[in-house]
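Examining the three-dimensional arrangement
What follows is each chain in one-letter form.
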Amino acid sequence: FLDKNVGTGNKVVRATGVTIKDSSNADVTGNYNISYVDNTTSTITPKALTASYTASNKTYDGNATATVTGSSSDIISGDTVTLSNTSASFDNKNAGLAKTVSVAGISISGSQAANYSLQNTSATATADISKKDVTLTASNVSKTYDGTLIYNTTSADLAPLTSQLINGDAVTAAVISFANKNVGA
């Protein structure tokens, strides 16, 4: 072929360097005056390309959005082919190990992309969502002596505990207890 790119019925093929041997396997090429004629109706079909994705681990951030990187072992070295996707998301927003990540809207682009036939427009990967570290400090509260360590919390007591959480998450219950049950500091 005179070029490497995909084409149907319009690719030029040139034969050169022909060796001719007789029935005893002796080279008889010198006995012929060889002329070469190009074939102009040959075809190069696109190479199948399967996209694979890896997902990055993240810390809990209140959403299922995932960061992914696409690759393919089918891309020939030196070719410029880029994998893209329209979305990537964990199966839910909650912390966990080896969570499924779904990748959708996979496409290819680049100067040699037309030489490939994308085999998949979606893929899956796995990654972890680790728990977000927070330090919750109990509110400054007081109560009348009742012989117990427990303080009955109100929504006003819980509001300051929510400040370190992801927007939309809130502390809705907490047990606040004194170090001892007696009156005094």
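Residues numbered from 1 in each chain as written. Predicted model: local features only at pLDDT ≥ 70, side-chain atom pairs only at ≥ 80, totals over all residues. Heavy atoms only, no water.

It is worth spelling out the overall build of the protein at this point. If you tally the helices and strands in the protein, you get one helix and 14 strands. A globule of 185 residues ought to have a C-alpha radius of gyration of about 16 Å, yet the protein, at 34 Å, is considerably larger. Its C-alpha atoms put the protein at 120 × 35 × 20 Å along the principal axes. The buried share among the 185 residues of the protein stands at 23%. Expressed as a percentage of contacts within the protein between residues at least 6 apart in sequence, the contacts between residues at least 24 apart total 63%. Side-chain charges in the protein split into 12 positive and 13 negative, and the spacing between the mean points of these groups amounts to 6 Å. (Helix = DSSP H or I, 4+ residues; strand = E, 2+ residues; numbered from the N terminus. Rg over C-alpha atoms; globule rule 2.2 N^0.38 Å. Buried < 20%, exposed > 50% of the residue type's maximum accessible area, 1.4 Å probe, protein only. Contact = heavy atoms within 4.5 Å. Lys, Arg positive; Asp, Glu negative; His and termini not counted. Charge placed at Lys NZ, Arg CZ, Asp CG, Glu CD.)

So, about the sheet that holds strand β5 (residues 58-59). The four strands are arranged β5-β12-β9-β8 in an open sheet whose pairing can be described as mixed. Of all strands in the sheet, those bounded by a partner on one side alone are β5 and β8 (87-90). Alignment of β5 against strand β12 (residues 122-130), held across two bridges, turns out to be parallel. Pairing of Thr59 across the sheet is with Ser130, part of β12. (Pairing = 2+ DSSP bridges.)

For Ala170, the location among the structural elements is in the loop between α1 (155-158) and β14 (176-177). Expressed as a C-alpha distance, the spacing of Ala170 and Ala138, which sit 32 residues apart in the sequence, is 15 Å. Beyond its immediate sequence surroundings of up to four residues, Ala170 is in contact with Thr162 and Leu165.

In this structure, the largest pocket encloses a volume near 230 Å³. Around the largest pocket, the lining is made up of 15 residues, and of these Phe178, Asn180, Asn182, Val183 and Gly184 lie nearest the centre. A per-class count over the lining of the largest pocket returns six nonpolar, six polar and three charged. (1 Å grid on protein atoms, 1.4 Å probe; cavity = no way out; pocket = protein on both sides within 12 Å on 5 of 7 lines; lining within 4 Å. Points joined across faces, edges and corners; volume = space filled by probe spheres on them. Nonpolar A, V, L, I, M, F, W, Y, C, P; charged D, E, K, R; others polar.)

Let us look at the side chain of Asn115. Its location among the elements puts Asn115 in the loop between β10 (107-109) and β11 (116-118). The exposure class of Asn115 is buried, given its relative accessible area of 11%. Within polar-contact distance, the side chain of Asn115 engages the backbone nitrogen of Val6 at 2.7 Å. Apart from the residues within four sequence positions on either side, Asn115 is in contact with Lys4, Asn5, Val6, Pro46 and Lys47. (Polar contact = N/O pair within 3.5 Å; in protein donor to acceptor, adjacent residues only side chain to side chain.)

Moving on, we get to the pattern of salt bridges. With the rule as written, the count across this model stands at four salt bridges. A salt bridge links Lys143 to Asp146, with the nearest nitrogen and oxygen atoms 2.8 Å apart. (Salt bridge = Lys/Arg side-chain N within 4 Å of Asp/Glu carboxyl O.)

This brings us to unusual backbone geometry. Trans is the prevailing form of peptide bonds, just as negative phi is the prevailing case for residues other than glycine. If you check the backbone angles, Asn25 has positive phi at about 70° while not being a glycine. Examined against the element boundaries, Asn25 turns out to sit in the loop between β1 (7-13) and β2 (39-44). Positive phi outside glycine occurs at Ala98, with the angle close to 50°. Positionally, Ala98 belongs in strand β9 (residues 96-104). In this structure Ala98 comes out as exposed when scored by relative accessible area, which is 53%.

Glancing now at the nonpolar core. By size, the foremost hydrophobic cluster in this structure holds 20 residues, and its most contacted members are Tyr53, Val68, Val101, Val103 and Ile106. Elements represented by at least two residues in this core include exactly β4 (52-55), β8, β9 and β12. Per-element tally for this core: the top contributor is β12, with four residues. Apart from the residues within four sequence positions on either side, Val68 is in contact with Tyr53, Thr54, Ala55, Asn85, Ala88, Val101 and Val103. (Core = buried A, V, L, I, M, F, W, Y, C linked by side-chain atoms within 4.5 Å.)

Quick look at the pairing of β8 now. The side chains of a regular strand alternate, first on one face of the sheet and then on the other. Only one face of β8 is buried, namely the one carrying Ala88 and Phe90, since none of Ser87 and Ser89 on the opposite face is buried. Across four bridges, β8 lies against β9 in antiparallel orientation. Of the residues in β9, the one forming a bridge with Ser87 is Ala104. Hairpin connection from β8 to β9: five residues lie between these consecutive antiparallel strands.

Function cannot be inferred from these measures alone, as they are strictly geometric.
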